[in-house]
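# Observations on chain architecture
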Protein chains: 6
Amino acid sequence: MAPIKVAAVQSASVAFDLPATVHKLIALVGEAKQDGAQLVMFPEAFLGGYPRHLDFRIGARTDADREWYSRYVAAGVRVPRDAVGRDWLAEQADVSDDFWAFAQLCKVAKEQQVHLSVGIIERSLVGATLWCCNILIGPTGILLSRHRKLQPTAAERVVWSQGEAVNKDGNNVSDNLPVVATPLGRIGGLICWENLMPLARYVLYQKGVDIYTAPTADGRITWLPSMQHIALEGRCFVVSANQYHTSKDYPEDYPAASASTEEEVWSRGGSCIISPLGEVLAGPLWDKEGIIYAEIDVDTLAGAKLDFDPVGHYARGNLLTELIKG
Amino acid sequence: MAPIKVAAVQSASVAFDLPATVHKLIALVGEAKQDGAQLVMFPEAFLGGYPRHLDFRIGARTDADREWYSRYVAAGVRVPRDAVGRDWLAEQADVSDDFWAFAQLCKVAKEQQVHLSVGIIERSLVGATLWCCNILIGPTGILLSRHRKLQPTAAERVVWSQGEAVNKDGNNVSDNLPVVATPLGRIGGLICWENLMPLARYVLYQKGVDIYTAPTADGRITWLPSMQHIALEGRCFVVSANQYHTSKDYPEDYPAASASTEEEVWSRGGSCIISPLGEVLAGPLWDKEGIIYAEIDVDTLAGAKLDFDPVGHYARGNLLTELIKG
Amino acid sequence: MAPIKVAAVQSASVAFDLPATVHKLIALVGEAKQDGAQLVMFPEAFLGGYPRHLDFRIGARTDADREWYSRYVAAGVRVPRDAVGRDWLAEQADVSDDFWAFAQLCKVAKEQQVHLSVGIIERSLVGATLWCCNILIGPTGILLSRHRKLQPTAAERVVWSQGEAVNKDGNNVSDNLPVVATPLGRIGGLICWENLMPLARYVLYQKGVDIYTAPTADGRITWLPSMQHIALEGRCFVVSANQYHTSKDYPEDYPAASASTEEEVWSRGGSCIISPLGEVLAGPLWDKEGIIYAEIDVDTLAGAKLDFDPVGHYARGNLLTELIKG
Amino acid sequence: MAPIKVAAVQSASVAFDLPATVHKLIALVGEAKQDGAQLVMFPEAFLGGYPRHLDFRIGARTDADREWYSRYVAAGVRVPRDAVGRDWLAEQADVSDDFWAFAQLCKVAKEQQVHLSVGIIERSLVGATLWCCNILIGPTGILLSRHRKLQPTAAERVVWSQGEAVNKDGNNVSDNLPVVATPLGRIGGLICWENLMPLARYVLYQKGVDIYTAPTADGRITWLPSMQHIALEGRCFVVSANQYHTSKDYPEDYPAASASTEEEVWSRGGSCIISPLGEVLAGPLWDKEGIIYAEIDVDTLAGAKLDFDPVGHYARGNLLTELIKG
Amino acid sequence: MAPIKVAAVQSASVAFDLPATVHKLIALVGEAKQDGAQLVMFPEAFLGGYPRHLDFRIGARTDADREWYSRYVAAGVRVPRDAVGRDWLAEQADVSDDFWAFAQLCKVAKEQQVHLSVGIIERSLVGATLWCCNILIGPTGILLSRHRKLQPTAAERVVWSQGEAVNKDGNNVSDNLPVVATPLGRIGGLICWENLMPLARYVLYQKGVDIYTAPTADGRITWLPSMQHIALEGRCFVVSANQYHTSKDYPEDYPAASASTEEEVWSRGGSCIISPLGEVLAGPLWDKEGIIYAEIDVDTLAGAKLDFDPVGHYARGNLLTELIKG
Amino acid sequence: MAPIKVAAVQSASVAFDLPATVHKLIALVGEAKQDGAQLVMFPEAFLGGYPRHLDFRIGARTDADREWYSRYVAAGVRVPRDAVGRDWLAEQADVSDDFWAFAQLCKVAKEQQVHLSVGIIERSLVGATLWCCNILIGPTGILLSRHRKLQPTAAERVVWSQGEAVNKDGNNVSDNLPVVATPLGRIGGLICWENLMPLARYVLYQKGVDIYTAPTADGRITWLPSMQHIALEGRCFVVSANQYHTSKDYPEDYPAASASTEEEVWSRGGSCIISPLGEVLAGPLWDKEGIIYAEIDVDTLAGAKLDFDPVGHYARGNLLTELIKG
């Protein structure tokens, strides 16, 4: 394979406004494409948004809680049943409003001829459950993979459900820890603090991930070393995008936003791109919106695995999986 | 079997003070025994306490959050490895401080010769994870069963982990949805809103539960009809105990408690005991501490199942489990 | 969706007289429509009737038994093959007598522009089998769904057969636990003590039921708490209609009716409408015929699922379905 | 527990001279003790040395290769059979020359009353196999644990054998991935690039490691981020010591050393101490010998696990271990 | 069974050029077939090549190391998942480039109607790990067995990973110490110095090996006595093939090859065929390429076992396996 | 350790005449000592003799058979109870006739200050059982080890019993596969075709054998390659002594001897000494009596294990012992 150019978009959702965020995404994909990107990656929860500072008390829910939850559900993205690996867009004469946002993602990937990795808040087709999800759409406009975050962090657990090993969907069962072979390399990833889960990463390594995407909402300075470690450990390229957002990116009546008249930075960003030997190729980008780029060459991965292949010659898998089971 | 007397204790934990709560429990067990109770049942999280109104924001944890979590962990109850079904108390020359609270529970059950069902906040022996747990100790002082709540509700998910199908513990694997045969009948149960989970209840019915214990932290008036329904659906006796607690049961520096000088009722109670045909035998007890009692006769359960046996003649299990799997 | 008005009709069949009962139904639908109802719901076995107090002995059948069964079959409703989802009425040049009652139902729903949910005794097109069935007809006059009760209770089993997972019918296979999307929301339900079956309810929750219909013949005071529980558990609206009938609603020669000259209340009613948080919105209506109404708003269901989604974030389905299978 | 002081010693072995290196170690332990250290940690292969730049060709071994291997074996440390957990020193009237170095380690730990963690090249009691090993000796002079590196890196595989799950030794079987409870906290660790093995780390987390020691021979700048990541992922303190050595620390006839008259830095160091939230508490120390110190408080670990407990509430172990096994 | 003719091919790989080596192999198989061979056996690493004199230093990897490793990986042979025992060739409409070399092996075995035993460097389908592997393909073109070398020797460990007890592969688990029944007899074997591993040989004896293949890269004169011993010990036929190669068989830029302008013999050969009583039937062939042949008769093996059956009457297995375990 | 000189004595027993053979042995030890030997090794069954060509039929024993067996028993060597490791000679005031031969062995070893390894026919202290045995006596005159052959070959099984894992003897249990540490190195070995048993050899390797003694009665030319292989496989020195005997070394009435007046060579010898890399250091000595010598240096063994340690870095013991057990 030839070297490719990847982009990590650091930007803010228009919180609680799905259509506006979709339009913003379309523009950003266009910009990245203009700059030569073949894989364009967005942060965690970019569509649907991250309800930062929404708070919940143990043992009681208020009407306001339910109202904000309803608004959050309404801003979520519905993914059609059985869409993974199927040319859903082509099969739909006209798209119902339910799937408008999803259709836009497919269309922009196809029009711009890019691989598009986006963090979305997925909304259940039945009931009112949400998952923090990451999807990858190919330049064919086809949904290539969907990953629902396995374990939300702290108060996220109030609004997001857990992912499971597989997603059961209509007649279909799709892998929830997918790594998909694309012309750019094998692409997979985890979301935010899932990236701290050693077993989850190991599952991706077993599937041969070349380009590991790590969308996040963690704007701490300790995020960068974790990305470097994962690249080293997995001997893969890591592309990580975070939101940069402030209190002004939220509705005026949003509780935490209305608490202060000052604009507060709620997520500083820190998007970065890392080589398989742990070198920082781009970023970290702090304290503003922007797109970072790097040229990467998956053909160098074999050489990088000379001295460490986490699921191959360096795995001791037979020994260690026994210890973990026991 | 002869009819027996069961007690549901409605009382408040001394929040964040495990020793004081243990002493309170010992006194209450003595009182219930005095009144003739053979099964004494305490509310959810009675030992360890229910951190009502503690709040958490999405996307950030403060030092104060960590400090309260540490205090909450410190107030948790450690259960020794492999303790289920073993005369742990007899095997210990002297009990380490780690297991002091657990040992007190075993001792009081043995001294008072009662079956003791208690909601505890179980503290992991490794790491710092908590589970909302219910344990049953027999008059032999032996731990008969342990159940970790499968799914905490809303912001509880920040502080409590999920239970699994089994508890792996040292060399032992114990059932996490246990129903145990005792001289009083087969005893099992679920915690708080687990009681809204149809599949979880079904698992207990499959195991033949006669006396269904439902410790809770739900003080709503809709709790009673759910208890009646479960008795009818499971054709079993239901014994439900809730905490009655106010803001004064919490430390002075507890955030929600210090927000107001008024004593606020945070949980109204509503403990109750229900017959297998849905009749209210005792309670609901509202707005105060107290113990409710009822005489129950498990020999009447077969007759109650003439027209409804949820896992027998009325189950259609072959048909329905297929639909649920698919 | 806008809030809608639903009606639960509490009324008595004209026992063993299908045409008379059809006419009574048409009148009642008109009345409900007059009052603004968009969904009109009738009790279990409204067409066909509930043969209360008919008795059977183990090991012997009398000629009288056979005679009453014949009359009961004759009062049953034939449903055309493959009618579900098809504009059967429009396709029929003229309706045969066999399907007269069914055609009336379709016509009244279309004329009154309501969704019509009716309990019927369905009669087999071949042979002489009966099912206790519930059908939903839309304002288009099209049969939207049919559900045959899975498990009759006690002596009902002498006269009613069991429903299966699907209904095979001509070239068609239709779901026997259907939930159908309508402009009012997704509508589904169970009949009488099927409502005590946890797995059956779970199947409906999986299909996203918003408006849960519970036609019944249970006039006990414990019915109401079960309806409240189901609303809470399913986080859906529950609409339950029961017959109010007395011995006078049966033929004079009906054995139980002729046993006494006094009018005896054989079913007290108890129809009710419940909110997704377990609140009683209408009813229970006791000891008389009548129609109860409530305005419901399915858009509030997402908010209600913030803290409990039985098949979403609160399901633990992977874990529990395994336990049920095993 | 009270906060404690830990030291990571960055120093060079006297290559191929075990007695000289033992004496250097004794002096360094004394210095660290003087400065208040309670846990003193040395780099990988400190006793025995790291044969950097020794080279081997595929498919042939020369007499010189065998000669250097013999010298390297001779510089290795013999650990007595069954020594773990036993007061071996007390049981020996006089120590044979075979175990002189081991005895010195036990003695210095006891004399200085420190916990001593040392990387050694362990020499087999039978045959001529070497393991890269880390041992922990308590202030009692007792060997508390021994860990043989599971997988050497690249050409290390020529001279070092692999560790296994357990070490079989005389009548004894000792854990090869030990975490031991000490008055300072639970101590365990991995060696050099084992620290890149996600499953091996997971095993230590399962055992509750509080103080994670990471002796290494990796002097790259990417070592620091890996240490930060492990602290975050394991929610534990990480103490990492590396050798600082140059070509002058090797014998004059050592092939790589004699290749140039210039002193070349062969390992730059980079020792560091990290907090459970990934903050750098001490180091990285580059380009010289030295000892770094930090005060750490294991009582803060529970608070750090509020939002991430890798083997507890954030593990999803049931799900993930299945995927890894399959 | 009738006596058969076996061939051991002594030849050189075209180093780092997989297609050229495949074509050379095809020609050599044709020649052996011409001469009547029914089993044609090639040396260790014939496809993929043996990187003799590539050197690696402890503690550092250069870019050149990584580059040569990449080239070596690129010259490796991919074996399709689950190929053992399956007519993979027939199932593939057209073979992807990934599996071109493997397909050629299957095709030539089928076209020439021979059993083909070839040493290959197997390349992992995921990651970049290599195994030194031996495969056996039948005259049906089906892969009959695959064996990955258990333990590489010395610096081979830098580039080759270890084999395990079984190979996990897609849905399949295949034995890594296989002995397969063929019309020629039961065929199994070990690679190079694995042949010095007593326990590994014992495993093959337990499986009844009749024709023991020993591909090697050991050109020492001590190879022959080991082959004789194995035949005696295993009471089986031993067929051993080695490469004959010189520095000229390597690329011009290959480090060791470019070190001298003289052609150096890097492997002298020594291929041989041995009878079950230790007699040399063919070879050893030294200092040139060539094919050696022998006629063997597996029906003579029972007689050879009259006085020694390593896993039967002479095994003392109960006694000895205990000693080895303890 | 300094290099040492070892001797393998190739000589004939005076068949069926124990005293004469003892005297012959004493003379040969003296000769070897004269030539500088520190370890003097005799063939299998040197004391007691090898009853070559004695025959037995299946299903019947003659008086002559019994007579020859009696004579053979009488020529056997009694070993005192509990003699291993004890200064038996010093403890005996005067030696009974029973132990005369054994005492002579102890005395000569002490007098000549050699390590003496002798094949004996051991006679049971009770009953009339024989074992083919090898003993090692130190220059202290103490019996250092005794090994009874595990499995006699073919018709040997009529006259020799099997060895077991341990020899139970009085209050003592001594290892039957012993390797003893001596100032010369660790010495152990197997007898004749035991040397073809891979598991038995492995047990010795596990015990660290440096000098492997292989007394034999196999005079075939294939013996030498087996000795070379064992040296390579065990990375140890191998010293092998065989009898050279003819028909004239047997009594005149010995059946096979009397069959011909010609002197027939019944065992050609073939004694040899091999280096750990498989090189022949002395012998093979064919067709005559004699003593062969070699200087060996156990300090070179570590270097020899650089690339192969059968029980260390090259063992894969965890994997392989499982397969053998299964």
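The text that follows walks through the structure, step by step, so that each part is easy to find.

Rules behind the numbers
Residues numbered from 1 in each chain as written. Chains lettered and ligands numbered in written order. Predicted model: local features only at pLDDT ≥ 70, side-chain atom pairs only at ≥ 80, totals over all residues. Heavy atoms only, no water. Core = buried A, V, L, I, M, F, W, Y, C linked by side-chain atoms within 4.5 Å. Buried < 20%, exposed > 50% of the residue type's maximum accessible area, 1.4 Å probe, protein only. Contact = heavy atoms within 4.5 Å. Pairing = 2+ DSSP bridges. Helix = DSSP H or I, 4+ residues; strand = E, 2+ residues; numbered from the N terminus. Axes fitted to C-alpha atoms, helices over the stretch in contact; angles between N-to-C directions. Buried area = accessible area lost by both parts, 1.4 Å probe. Salt bridge = Lys/Arg side-chain N within 4 Å of Asp/Glu carboxyl O. Polar contact = N/O pair within 3.5 Å; in protein donor to acceptor, adjacent residues only side chain to side chain. Least-squares fit on C-alpha atoms with pLDDT ≥ 70 in both. Right-handed = clockwise from strand over helix to strand, strands pointing away.

### A short note on the nonpolar core
One finds A:Tyr212, B:Tyr212, C:Tyr212, D:Tyr212, E:Tyr212 and F:Tyr212 to be the most contacted residues of the largest nonpolar core, which totals 358 residues. For D:Tyr212, the residues in contact, after removing those within four places along its chain, are D:Gly188, D:Leu190, D:Asn195, D:Arg201, D:Leu204, D:Tyr205, D:Ile230, D:Cys236, D:Phe237, D:Val238 and D:Val239. Judged by nonpolar contacts, the second largest core, of 36 residues, contains A:Ala101, A:Phe102, A:Val118 and A:Ile120.

### Side note on the sheet that holds strand β6 (residues 143-148) of chain D
Residue and element names in this part refer to chain D. The sheet built from 6 strands is open, its strands ordered β6-β5-β4-β2-β1-β16 with mixed pairing. The open sheet has two edge strands with one neighbour each: β6 and β16 (290-296). Ignoring which end each strand starts from, the neighbouring axes of this sheet average 25 degrees apart. Sheet topology note: the strand β4 (residues 115-123)/strand β5 (residues 130-137) ladder contains 8 bridges and is antiparallel. Each bridged residue has a counterpart across the sheet, and for Glu122 the counterpart in β5 is Trp131.

### Here we look at the interface of chain D and chain A
Listed as interface residues are 49 residues of chain D and, on the opposing side, 49 residues of chain A. Between chain D and chain A, the buried area comes to about 4300 Å², and carbon and sulfur atoms account for 67% of it. When the area that chain D buries against chain A is broken down by residue, the three leading residues are D:Leu199, D:Tyr314 and D:Arg316, summing to 16%. Inspection of the region where chain D meets chain A yields 4 salt bridges. Measuring nitrogen to oxygen at the nearest pair gives 3.1 Å for the salt bridge that ties D:Glu164 to A:Arg316. At the junction of chain D with chain A, the criterion picks out 20 residue pairs in polar contact (both at pLDDT 80 or more). Secondary structure elements with two or more residues in the side of chain D that touches chain A: α6 (198-206), α7 (223-234) and α10 (317-325) of chain D.

### What about the relation of the copies chain D and chain A?
After a rotation of 180 degrees and a shift along the axis of 0.0 Å, chain D superposes on chain A with an RMSD of 0.0 Å. The transformation just described matches what one would write down for a two-fold rotation axis. The position closest to the rotation axis in chain D is occupied by the C-alpha of D:Pro225, lying 2.0 Å away. Comparing interface residues between copies, 100% of those in chain D also sit at the interface in chain A, which points to an isologous, same-surface contact.

### Focus on the pairing of strand β11 (residues 237-240) of chain F
Every regular strand shows the same layout, with side chains that alternate between the two sheet faces. All names here are of chain F. By the alternation rule, side chains of β11 split into Phe237 and Val239 and Val238 and Ser240, which are all buried. Both strand β10 (residues 211-213) and β11 contribute to a ladder of 3 bridges, which runs parallel. Each residue of the ladder has a partner; that of Ile211, found in β11, is Phe237. Tracing the backbone out of β10, into helix α7 (residues 223-234) and back to the parallel element β11 gives a crossover that is right-handed.

### Details of the pairing of strand β1 (residues 4-10) of chain E
Residue and element names in this part refer to chain E. Judged by how many residues are buried, β1 sits mostly within the fold: 6 of 7 residues are covered. Summarising the sheet, β1 and strand β16 (residues 290-296) pair through 7 bridges and their orientation is antiparallel. Counterpart to Gln10 in the pairing with β16 is Gly290. Pairing geometry for β1 and strand β2 (residues 39-41), over 3 bridges, is parallel. Residue pairing in the sheet places Ala8 in a bridge with Met41 of β2. Taking the sense of rotation as the criterion, the β-α-β connection linking β1, helix α1 (residues 18-34) and β2 turns out right-handed.

Just distances and angles here, no functional claims.
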